[in-house]
Every structure is written in structure tokens, then in C-alpha cells.
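Architecture and fold: a report
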Amino acid sequence: FRRVLFRSQVNTPPTITFNPTSPITLCEGNTANINVSSSDPATNFTWNPSTGLNTTTGSNVIFNGTTTQTYTVSAATNGCILPIPYTVNVNPLPTVVWPTPWVLSYCQSDAPFTLFGGAGTPNGGTGFYSGLGVTNGDTFNPYLVNASPGTGVNDTVHYTYTDLNGCTDSVYNVYVVTGNPVVDVTAGPPVCFNSNPVPLIGTPSGGTFYGTGVNGSNFTPNALNGVPTAGGTFNIGYTYIDPNSGC
């Protein structure tokens, strides 16, 4: 009879810590730096599958995938392998649309207007407009776009939508804003009530004069529609439309 004794040593598994802890949730297109550490400095880590990862070995990986993945992280130390699951949830970006039911070319002198039509799905999120000339998140004011006289400036305006998952996407339209022409009226000297009509000079030529005492391109001091006027100061206006831009 012979007796043989064995001594068996069972290694205590190390404590594995993930930062951030699993599961994590991202929006499509975002990346995540994932760190894993062990109470045993000699631990080696491997990740499987490789989908969406910059590397499959080591304690630091970068996730840049487009779909949800669950990885098996194998922690190897002292000849033992400890498999640990780690999940990255990926939410898709919302679908964002912005139809264009209005003209996309404006003069700098056009009145502000409310932007509309931008929408996103899934429903329930929030959206806003942004860009040069946009105020209060939904109003476009062409006057705020810095455009030189007679020159069109391409102004990109975005509609951004964020869904209930916090995921954001955007679309844009391009507005062409043309600067107003520079106009001027040459002021004449003081005149008497019984003076002859005074020619008016506007720059550029081809515009329209308006105001009290104006008759065509003349200022008539002594009559307004045949009725004598009192003396005083009269304001003369001049409107000019650029034939090329319509502004």
C-alpha cells in the first residue's frame, strides 16, 4: 500500500474594474475610451470580438462602432482566465428634415421672418435654428447678414434636432442675402415759396422720389396738388431698385 499526497493551490481571482462601468450608452458616431484595471498588475486583457474597437489587447481600448456590441473581456493572470462581459449600447441618430417652402434669396432690407418646417424623428425631441442672421432660435433677419451692396452672400442656416435619447443631428439650407444698394439724394439750397421747381438728383439714377412737394424728379416749393403750402422743412425720399439683384 502506498499513499501519495497532493497539495493543490487555488488562486484567488483578481478584482477587475471597468471605467466607465458596463453597460454604457452612446449616440451613433460618438466614441468612448474604456479602461479596465486589475488588482493584480500582471493581468493581461484581450477583447472579443474586435468590431468597433481600435485594438483587442490591453487595458485601454477606444470604441468607435455604429451598432450595439457585447464584448468578452478575458483577464489572464497566474495561468487563469476570467471572462467578463462588457456592453456598449449605440442609439441611432434621429432623422432630421427641413423642407424649403420659401425663396432662398433675400435682400438685406427684407423683413425678418419666422423659420419653420424643420422636424425630426423619433418624435418628442427639441430643435432649433442657428446661423448668421438667426435670432431667438427661429427668426431669420437678413439685415444681420453682412453683405456688400449688390453682392450676394451665401449664409448657411442649420436646423438641429435632439431626440429623447440625447442624440443630435442637423440639416442645413443656404440663403443668399444680397446687400442693399447705397443711395443718396443731393440736397439743394433753401428756396422761397414762389421759387421755380427744383430738380432732384438721386444716386444711382433711375429711382423714384417721394415726399411733400415732389412732382416726378422735381421739388415744387409753391404747390402741392395745386394747393399752396406753408414754408418749412420738407423731407425728400428716394427709392432705388438694383435691376440686377432686385434689391
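Residues numbered from 1 in each chain as written. Predicted model: local features only at pLDDT ≥ 70, side-chain atom pairs only at ≥ 80, totals over all residues. Heavy atoms only, no water.

Structural notes on the overall build of the protein
For clarity, the threshold we go by: Helix and strand labels come from DSSP, where a helix needs a run of H or I of at least four residues and a strand needs a run of E of at least two; each type is numbered from the N terminus. C-alpha atoms define the radius of gyration, and 2.2 Å times the number of residues to the power 0.38 defines the globule rule. Accessibility here uses a 1.4 Å probe with only protein chains present; expressed as a share of the type maximum, an area under 20% marks a residue as buried, one over 50% as exposed, and anything in between as partly exposed. Throughout, a residue-residue contact means that at least one pair of heavy atoms, one from each residue, lies within 4.5 Å.
If you tally the helices and strands in the protein, you get 0 helices and 23 strands. Computed over the C-alpha atoms, the radius of gyration of the protein is 37 Å, more than 25% above the 18 Å expected from 2.2 N^0.38 for a compact globule of 247 residues. Oriented by its inertia axes, the alpha-carbon framework of the protein measures out at about 150 × 30 × 30 Å. Counting only residues that meet the buried cut, the protein has 30% of its 247 residues in that class. The long-range share in the protein, meaning contacts at least 24 apart out of those at least 6 apart in sequence, stands at 57%.

With respect to the state of the cysteines
Here is the rule we go by: Any pair of cysteine sulfurs within 2.5 Å is marked as a disulfide.
Per the counting criterion, the structure on display carries 2 disulfides. Disulfide partner of Cys-27: Cys-167, at an S-S distance of 2.1 Å. Here the disulfide of Cys-27 and Cys-167 is left-handed, its torsion about the S-S bond being about -90 degrees. Of this pair, Cys-27 sits in strand 2 (residues 24–27) while Cys-167 sits in the loop between strand 15 (152–162) and strand 16 (168–178); the two residues are 140 residues apart in sequence, bridging distant segments of the chain. When its relative accessible area of 0% is taken as the criterion, Cys-167 is described as buried.

Notes on the confidence of the model for the protein
Put simply, the test is: Across the chain, each position has a pLDDT score giving the predictor's confidence in that residue, from 0 to 100.
Averaged over the protein, the pLDDT score is 87; the fraction of residues at 70 or greater is 90%. Put simply, strand 17 (residues 184–186) is where the protein has its lowest mean pLDDT, 84, and strand 5 (residues 60–63) is where it has its highest, 97.

Quick word on the packing of aromatic side chains
The test is simple: In this scheme Phe, Tyr and Trp rings, the latter by its six-membered ring, pair at centre separations within 6.5 Å, and the angle between planes marks the pair as stacked below 30 degrees, edge-to-face above 60, and tilted otherwise.
As enumerated under the stated definition, the model contains 15 aromatic pairs in all. Residues Tyr-106 and Tyr-175 carry aromatic rings whose centres are separated by 5.8 Å and whose planes lie at 70 degrees to one another, so their mutual orientation is edge-to-face. Note that Tyr-106 is positioned in strand 9 (residues 105–107) and Tyr-175 in strand 16, a separation of 69 residues in sequence. The pair Tyr-106 / Tyr-175 is uniform in exposure class, with both members buried. Centre to centre, the rings of Phe-113 and Tyr-175 are 6.5 Å apart; their planes meet at 55 degrees, and the pair counts as tilted. With a gap of 62 residues between them, Phe-113 in strand 10 (residues 113–114) and Tyr-175 in strand 16 connect regions that are remote in the sequence. With respect to burial, Phe-113 and Tyr-175 carry one shared label: buried.

Thoughts on unusual backbone geometry
Across the junction of Asn-48 and Pro-49, the peptide omega takes the value 5 degrees, indicating a cis bond. Note that Pro-49 resides in the loop between strand 4 (44–48) and strand 5. Cis geometry is found at the peptide bond from Thr-203 to Pro-204, where omega equals -5 degrees. Looking at the secondary structure, you find Pro-204 in the loop between strand 19 (201–203) and strand 20 (208–210). With a phi close to 55 degrees, Asn-78 is a non-glycine residue in the positive phi region. Summarising the element assignment, Asn-78 is placed in the loop between strand 6 (69–77) and strand 7 (80–91). Taking relative accessible area as the criterion, Asn-78 reaches 54% and is therefore assigned exposed.

With respect to the environment of Asp-163
Checked against the element boundaries, Asp-163 lands in the loop between strand 15 and strand 16. Accessibility expressed as a relative area gives 5% for Asp-163, which makes it buried. Sequence separation of Asp-163 and Ala-32 is 131 residues, and the distance between their C-alpha atoms is 20 Å. With sequence-adjacent residues up to four places away left out, Asp-163 is seen in contact with Pro-92, Pro-94, Pro-122 and Gly-125.

Structural notes on the sheet that holds strand 5
Rules: Pairing between strands is defined by DSSP: at least two bridges between the two strands are required. Angular values range over 0 to 180 degrees, each being the angle between N-to-C directions of two axes fitted as lines to C-alpha atoms, with helices fitted over their stretch in contact.
What the 3 strands build is an open sheet, ordered 1-3-5; its pairing is antiparallel. Bordering the open sheet on either side are strand 1 (16–19) and strand 5, each of which pairs with just one other strand. Averaged over all neighbouring strand pairs, the angle between strand axes comes to 20 degrees, with direction disregarded. Note: strand 3 (residues 32–38) against strand 5, 4 bridges, orientation antiparallel. Looking across to strand 5, one finds that Ala-32 is bridged to Phe-63.

Some points on the sheet that holds strand 2
Taken in spatial order, the 4 strands line up as 2-7-6-4 in an open sheet, and their pairing is mixed. The outermost strands of the open sheet, each flanked by one partner alone, are strand 2 and strand 4. Within the sheet, the average angular offset between the axes of one strand and its neighbour, ignoring direction, is 30 degrees. Relative to strand 7, strand 6 is paired through 9 bridges, and the arrangement is antiparallel. Opposite Ala-75, over in strand 7, you have Leu-82 as the bridge partner.

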